[in-house]
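A closer look at the structure
Listed below are the residues making up each chain.
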Amino acid sequence: MHFIAIVGTNTKQSTNRKLLSFMAKHFSSEANIELCEIRNIPMFNENKPQNDDPVEVKELTSKVLQADGVIIGCPEYTHSFPSSLKSVLEWLSYRVHPLAEKPIMLVGASKYATGASRSQNQVREILDSPGVSAIVLPGNEFLLGNSYDAFDSAGNIKDKKTIDFLEQCFSNFLEFVNNNSAVSQKPVGTTSNKTNEEFVKENKTMNTIKDIRWDAIYDVVVLGFGGAGATAARFAADDGAKVLLVDSAPEGHEGGNTRYAAQLVGSGDDFDGLKKYYKNLTFPMNLDEEMIDTYVEGMVGIQDYLKKYLDAEPVSWRHDDFEGKEVAKSIIAEFPEFPGAQTHDLATVHQGVFDAALWQNLKQQVSKRSDKIEVMYSTPARKLIQDPTTKAICGVVIEREHVLRNIKAQNGVVLAMGGFENNQQYIEDFLGAKKLTPLGSIYNKGAGIKMAQEVGADLWHMNNFESLGLLHGMAFSVEDDERGRLMIGAQNQVLSNGSILAVGDDGTRYFNESEENRHGHIKNHGSWKVPLNQVHPYLIFDQTKKNELDKDDIISKYESYRNNLIKADSIAQLAKLIDVDEAVLKETIVRFDNAAKNKEETEFHRDPKTLRVFDKGPFYAIKMAQTVLNTQGGPRRNSRSEVLNPDAQPIPHLYSAGELGGICANHYQGGGNLAECLIFGKIAGQNAAVPKVDELSISYLSDTAEENNTERPKSFTLGNDNTTEEKFTTGKDQYIGRSAAGIGGEVVVRLTSDSKKNIKNVEILKQSESGDVGLEALEKMPEEMVTKNKIDVDAISGASVSSKALKSAVADALNQVN
Amino acid sequence: MNFVAIEGTNADFSYNRFLLHYIRNHFVSKHVIEVCEIANLPVFNADLDVKKQPVVLELAKRVEKSDGVIIATPEYDHSIPAVLKSTIEWLSYQLNSFSKKPVFIIGASYGPQGSARAQLHLRQILSSPDVMANVLPGNEFLLGNVTQQFDDEQNLKDAAIIEKLEVSFNDFITYTSTFKK
C-alpha cells in the first residue's frame, strides 16, 4: 500500500508535518507513506499559466494518481484551512482531477485544544465538492489538540491513548481503501475538459517508469568494466547485491585505462603530509575538503587495502628495496618541490610495472564472484532510466547484440565508464585540441558524460587531462583511430638531447625539449601545464641524430617512425615538406646552433649540455602528436560517490567512480587515478548496494514489491559472459596450457608434443593482447618455438608481457606431458 | 463613507469584478468605494515577515483606513478561493487589519446558488478570533446564474435584484455607522 501524505501548510515548523512523519514511521510495516510538501506550489490562478499546469502541480498530480490513497495533515488558520492547502486542492480540481474517487484520510493538529476540527470540516466539504470528488474516510476524526506538547524529542506522540486511536483510524482507512479499490478504479466524469487518462497520455514521461517492460532485474548495475567498475561491482556483491557489470569493449579488451596503466597506485602513510601535497597539486583550484579527506584517507590505507581485499603482498616503491625499482623513481613524487611530496608513495600488487598485474587481480575478484556478478562484454550502455517524479535512477538501457534492453537497478547504478579520450567532439569542446592521440583504451568515448548530463548531473574538471611519453607528453604520430605508442626513459633521452629540436605549427620552437614532462605537464612560469596543442608538431634533426635513433632498438623498429620519416637535403626543402615557412625554420635552426655554440639557450633555457650544432645535411623531420593518457572530466560527485546535480544535491541512486569525473584537478600525480578507482570504486559499490525504499516513487516501488515476492526472472536470458573457465578440445598428443599473465587476461595454447616433450606445434586458442607488438609476439613466437624446439626463444621487443604470458602457457602445457 | 471592495479572485475574467464595479458606480454619489485586486499578493506564509511585503502592507493600509470592507467571493470547490483566504491570512496573522471592521459579504456564481457555501465559509473565517471582523448579519447577497445578470454596459439588469442590493447596502451603511459612533 502506498500513500502520499500532504503537509497542509507551507511553513517551516509544523506539528502537522510532525504528525505525518510519525505516521510514516509508525505505520511503515503496513504502508509506505511518502510526505509531500506544498511549499513550492504557486497560488492557484485559473489563467496562469494559460494552458498547462505548473510543473510542481504536475509532479503532485502524478504522485496522487499513483497513490492508493492520500492523507492530508490539516492545520487550522482562522477557523479554516490554510490558503496554501486550498490552493493545492484548486489546482487538483481545475484542469486535472487526480483526487477523483481517491480515498482520503484527514488528520489535523493544532496548537489549541480543538485539533483543527473546524478546518477539517471545511476541508471535508471541499473534498466532497463535485470538482474534487474525493472519497473521504467518514468518521474517524483524528484531532490532535495542544500539538506543541504532543511529541517527544524523537518525534513520537507521547500519549499512548492518542496512538491507539490513531492506529484505529489508520486501520479503518486501510480497510476503506481496500474496499474502495475493489469497487472502482476509473475516474468519474468531471467538468474538466481534460480527463485523467488524457493527462496521463499528455505527460508520458511522468509514467514511463510504470510502462517500462524490464528485461532483467538486478540490485546494482555497474557501467564500465575497468578498475573502478570492477571494484564497485565486487564490493557491491560483497555487500549482498546481485550485480550486472557491462562494458562496451569486446571480451579481452575490457579494463579501460586500468589495464594499460603503469599499475602504480598512489599511497602514503602520513595523512597530514599527503593532504598537504594534494592541496598543493590542486592549487590554485579549490576542491571540496571532505572529498580530499576521503581520498587521502583512502590512499593512506592503500597498503592495507591491497592486502585485505586483493590478497596481495603490497610493494612500496619508496621504501622497499628490490631490483627494478629505479623505473618509477622519478614519479614517486612528480612534484617534489611541493610541501608534503615526500609523503607520497606508490604501491603495486607485486614488483613490476606496466604488466596489468593490478588489473588482472581486480578482474579475478570479479570472476571469483560469478555467482553474484554477471558480466556482459560488447554491451554499451545507452541511457539511464530516471523516475520523473523522484529523479531517482531506476535502471539503464543497454544494447546487447543490437537490441536495446531495459535493465532495472533496484538499489543503484554506478557510472564507471572512464574518460573521453576517444571522443573527438569532447576533445574539441573541452580540451580545445584538434587531435589528441590516445595511449590507453580506445573504448573510452565519454558515453558516461552524456548519460549523466541527461539525468541532470553537474560536471567538473572538464578541461583537465594528462599526457605521457616523449618530450611534453608526445608520441610518434599515428592514424586517427590508432593508439599511440607510449615511450619513456631511454627513448625520451635520445629524442631530447643533441642535434634535435621540436617545432610547432609555425616552425618555431615552443618549449624546452630536454625537460621531462610530468604526465604531460611542463613548466609554465611557475605553474605546470599541458602545453597548448599544436596541429602538426615536428621533431627536426640531422644525420648524426638519425644514426643515434637507428641504434635505439624500439624506435628504429617502430613502423610509425620508419614510415613517416621525412628526409630533405636542405632546410628549405624540409620546410616545404612539413608545411612551415622556410625562413622561420631556418631562423629556428640558426638560433639553436648559436645557442649550442655559445653554450647558452636563452629562449627556453634548455640545458646547454643537451645542445649540439646541426650537421650540414641531410635533414630529417618526424611528425609527433600530443597524447592523451586520461581525462578527468565527468559528473561531479561527493565523498559518498553520489553524483550531484547543479544544486549539489545527489541524484538518487546514481554513483560514479574512476576517471569519469575524477577528483584530480590541475597538477596530476601518477597513481592518482588508480587510487581513485580503488577508493571511490569501493565507496560507490557499497553505497549502491544499500537497499533503498524511502525515496522511490510508487510506480517503481509497487512493481519492485511484486517482484520481490516472486523469484527473480528465470535468471536472465540475455546471457552472462562472466564464465570462469572455458573448455578446449584436444586430440592425441595435445595438451592445453594456460597463463593469466597476458595484458588482456588469459592466454590459452594447444600444444602438440611427443612423449619426449618435443614441441611439434603451438596453436593459440585464446588471447586478448593489445594491438601491434603484443599480437606480433603471438604470431611469430610459436613458429620459432617449434623450429628451435624450445620455449625460451627471443621475446619480441616492446611486448615482454605478451611474450612472457605465451611462454608460461606453453610451459604449462609441456608440464602435462608425461 | 469610504469603503474598500476586495475582489476575491485572481482570475482575469470575473463576474464578481463586474459586480463590485457595478456597486462602486451605483453608489458613487454618496460613497467612495475603492475596488482592490489581490492577484499580485504573494502566497501567505507564516514564516515570512509581513513588513517586507509592500503589496500586502498597501492593502492593509487601505483596509485599516476604510470605514468598512465589501468582499466579493466566487466559489471554488464549495469554498472561497485560496487567493482570498491567503489575503485574509496576511491581514490577520501579524496584522489586525480586519479587527472590528464592518464587512459586507457578497458573491456571484454561474449556478443558481450564488456562492452560498463559499459565503458561509467566509463568514466563519471572518468571525474567527484571529480575524475578528464584524460581518453584517443576515443580508445574504447571492447573485446566481450570473451570465444572465448583466447587460452590455455591465449593469445589473433585474430591478428586483438591484433593489435587494440597495436594501442590503443600506443595512450595511447603518451597521457601519453604529461602529463609527
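Residues numbered from 1 in each chain as written. Chains lettered and ligands numbered in written order. Predicted model: local features only at pLDDT ≥ 70, side-chain atom pairs only at ≥ 80, totals over all residues. Heavy atoms only, no water.

**Considering the overall build of chain B**
Broken down by element type, chain B carries five helices and six strands. N-terminal to C-terminal, the α/β element order of chain B is β-α-β-α-β-α-β-α-β-β-α. Within the span of chain B, comprising 181 residues, buried residues form 57% of the whole. Sequence separation of 24 or more characterises 77% of the internal contacts of chain B that already satisfy a separation of 6 or more. With the model as given, the accessible surface of chain B reaches about 7900 Å², and the carbon-plus-sulfur share is 51%. (Helix = DSSP H or I, 4+ residues; strand = E, 2+ residues; numbered from the N terminus. Buried < 20%, exposed > 50% of the residue type's maximum accessible area, 1.4 Å probe, protein only. Contact = heavy atoms within 4.5 Å. Areas by Shrake-Rupley, 256 points an atom, 1.4 Å probe, with all protein chains shown as cover.)

**Quick look at the overall build of chain A**
Each helix and strand counted, chain A has 24 helices and 32 strands in total. Counting only residues that meet the buried cut, chain A has 59% of its 818 residues in that class. Taking the contacts inside chain A whose residues are at least 6 apart along the sequence as the reference set, 74% of them involve residues at least 24 apart. Of the accessible surface of chain A, which amounts to about 34000 Å², a share of 48% is contributed by carbon and sulfur atoms.

**Let's talk about the packing of aromatic side chains**
All names here are of chain A. Counted according to the given criterion, the structure contains 41 aromatic pairs over all chains. Judged by centre distance (5.2 Å) and plane angle (85 degrees), the ring pair of Tyr278 and Tyr295 falls under edge-to-face. Here Tyr295 lies in helix H10 (residues 289-300) and Tyr278 lies in helix H9 (residues 271-282), a separation of 17 residues in the sequence. One exposure class covers both Tyr278 and Tyr295, and it is buried. (Phe/Tyr/Trp six-rings, centres within 6.5 Å; stacked < 30°, edge-to-face > 60°.)

**A short note on the side chain of A:Glu76**
Residue and element names in this part refer to chain A. Positionally, Glu76 belongs in the loop between strand S3 (69-73) and helix H3 (83-91). At 3.1 Å, the side chain of Glu76 and the backbone nitrogen of Arg118 are in polar contact. Looking at Glu76, its side chain comes within polar contact range of the main-chain nitrogen of Ser119, at 2.9 Å. If sequence neighbours within four positions are ignored, Glu76 has contacts with Thr114, Ala116, Ser117, Arg118 and Ser119. (Polar contact = N/O pair within 3.5 Å; in protein donor to acceptor, adjacent residues only side chain to side chain.)

**A closer look at the interface of chain B and chain A**
The partner chain A presents 28 residues to the 28 residues of chain B that form the contact. Together, the buried faces of chain B and chain A total about 2400 Å²; carbon and sulfur atoms form 51% of this surface. One can count one salt bridge joining chain B with chain A. The partner of A:Lys48 in a salt bridge is B:Asp12, with the nearest N and O atoms 3.8 Å apart. Across the contact surface, chain B and chain A share 18 residue pairs in polar contact (both at pLDDT 80 or more). The greatest single-element share of the side of chain B that touches chain A, amounting to six residues, is contributed by helix H3 (residues 82-93) of chain B. Residues of the side of chain B that touches chain A, tallied by class, amount to 13 nonpolar, nine polar and six charged. (Buried area = accessible area lost by both parts, 1.4 Å probe. Salt bridge = Lys/Arg side-chain N within 4 Å of Asp/Glu carboxyl O. Nonpolar A, V, L, I, M, F, W, Y, C, P; charged D, E, K, R; others polar.)

**Topic: the state of the cysteines**
The full count for this structure, using the stated rule, is zero disulfides over all chains. Left unpaired, A:Cys677 is separated from the closest cysteine sulfur, that of A:Cys664, by 9.9 Å. (Disulfide = S-S within 2.5 Å.)

**Re the pattern of salt bridges**
Residue and element names in this part refer to chain A. Considering all chains together, one arrives at 51 salt bridges over all chains under this definition. Where Lys63 meets Glu34, a salt bridge forms, and the shortest distance between an N and an O atom there is 2.8 Å. With Lys63 in helix H2 (residues 55-66) and Glu34 in strand S2 (residues 32-36), this residue pair connects regions lying 29 residues apart in the sequence. Exposure remark for Lys63: the relative accessible area of 18% places this residue in the buried category. Where Lys450 meets Glu454, a salt bridge forms, and the shortest distance between an N and an O atom there is 3.2 Å. Taken as a pair, Lys450 and Glu454 lie in helix H14 (residues 447-454) at a separation of four residues, close to a single helical turn. A relative accessible area of 40% means that Lys450 is categorised as partly exposed. We classify Glu454 as partly exposed; its relative accessible area is 36%. Residues joined by salt bridges that share partners form a network here, namely Lys275, Lys279, Glu289 and Asp293.

**A word on the nonpolar core**
Counting 64 residues, the largest nonpolar core has A:Leu99, A:Leu127, B:Ile6, B:Ile71, B:Ile88, B:Phe98 and B:Leu126 as its most contacted members. Contact partners of A:Leu127, with chain neighbours within four places excluded, come to A:Ile72, A:Leu89, A:Leu99, A:Ile104, A:Leu106, A:Val132, A:Ser133, A:Ala134 and A:Val136. (Core = buried A, V, L, I, M, F, W, Y, C linked by side-chain atoms within 4.5 Å.)

**What about the environment of A:Gln632?**
Residue and element names in this part refer to chain A. Note that Gln632 resides in the loop between strand S26 (630-631) and strand S27 (634-635). On the accessibility criterion, Gln632 (0% relative accessible area) is buried. Reaching out from Gln632, the side chain makes a polar contact with the side chain of Glu466 at a distance of 3.1 Å.

**Here's the deal with the pairing of strand S4 (residues 102-108) of chain B**
Residues and elements named next belong to chain B. Counted residue by residue, S4 has seven buried out of seven residues, so it is predominantly covered. Residues Pro102, Phe104, Ile106 and Ala108 line one face of S4 and the alternating positions Val103, Ile105 and Gly107 line the opposite face, and both faces are buried. With four bridges connecting them, strand S3 (residues 68-72) and S4 associate as parallel partners. Each residue of the ladder has a partner; that of Ile71, found in S4, is Ile105. Traced from S3 through H3 to S4, the parallel crossover comes out right-handed. (Pairing = 2+ DSSP bridges. Right-handed = clockwise from strand over helix to strand, strands pointing away.)

**Things to note about the pairing of strand S29 (residues 650-656) of chain A**
All names here are of chain A. Here S29 lies mainly inside the structure; six of its seven residues are buried. Bridging between strand S15 (residues 403-415) and S29 involves three bridges; their strand directions are parallel. Residue pairing across strands places Leu415 opposite Ser656, the latter belonging to S29. As judged from the two bridges shared by strand S28 (residues 642-644) and S29, these two strands associate in the antiparallel manner. Residue Leu644 lies in a different strand from S29, and its bridge partner there is Pro650. In textbook terms, the turn of a hairpin is the stretch between consecutive antiparallel strands, and for S28 and S29 this stretch comprises five residues, one of which, Ala648, has a positive phi near 65 degrees.

**Some remarks on the environment of A:Gly155**
Considering the arrangement of structural elements, one finds A:Gly155 in the loop between strand S6 (142-144) and helix H5 (160-183). The sequence separation of A:Gly155 and A:Lys18 amounts to 137 residues, and the corresponding C-alpha distance is 6.6 Å.

**Looking at the confidence of the model for chain A**
Residues and elements named next belong to chain A. Across chain A, pLDDT averages 88, with 91% of residues at or above 70. Within the model, the stretch residues 183-194 combines pLDDT values under 50 with 17 contacts to residues more than four positions away or in other chains. Counting contacts from residues 202-208, a segment whose pLDDT is below 50, to residues more than four positions away or on other chains yields 12 contacts. (pLDDT = per-residue confidence, 0-100.)

**A few points about helix H2 (residues 54-65) of chain B**
All names here are of chain B. Under the 1.5 Å per step criterion, the end-to-end length of H2 is 16 Å for 12 residues, consistent within 8% with the ideal 16 Å. Residues of H2 that are buried: Val56, Leu59, Ala60 and Val63. Projected onto a plane normal to the axis of H2, the buried residues spread over an arc of 105 degrees and lie on a single side. Of the exposed residues in H2, those oriented more than 90 degrees away from the buried face are Pro54 and Lys65. In this fold, the buried residues of H2 make contact with strand S1 (2-7), strand S2 (32-36), S3 and H3. (Expected span 1.5 Å × (residues − 1). Arc of directions from axis to C-beta.)

**Considerations on the sheet that holds strand S31 (residues 745-753) of chain A**
Note: strands within a sheet are paired through backbone hydrogen bonds, in either parallel or antiparallel orientation. All names here are of chain A. Spatial strand order, S30-S31-S32: three strands in an open sheet with antiparallel pairing. Because the sheet does not close on itself, it has two edges, and the strands there are strand S30 (734-742) and strand S32 (759-766). Pairs of neighbouring strands in the sheet enclose a mean axial angle of 25 degrees, with direction left out of account. Summarising the sheet, S30 and S31 pair through seven bridges and their orientation is antiparallel. Within S31, the position partnered with Tyr735 by the bridge is Leu751. Where helix H24 (residues 800-815) meets the sheet, its contacts fall on S30, S31 and S32, and the angle it forms with S30 comes to roughly 145 degrees. (Axes fitted to C-alpha atoms, helices over the stretch in contact; angles between N-to-C directions.)

**Some words on the sheet that holds strand S11 (residues 344-348) of chain A**
All names here are of chain A. The three strands are arranged S9-S11-S10 in an open sheet whose pairing can be described as antiparallel. Edge positions in the sheet fall to strand S9 (265-268) and strand S10 (315-316), since each has one partner strand and no second. As paired strands, S9 and S11 are joined by four bridges and run antiparallel to one another. The residue of S11 that forms the bridge with Gly266 is Leu346. Running at roughly 15 degrees to S11, helix H11 (residues 302-310) makes contact with S9, S10 and S11 of the sheet.

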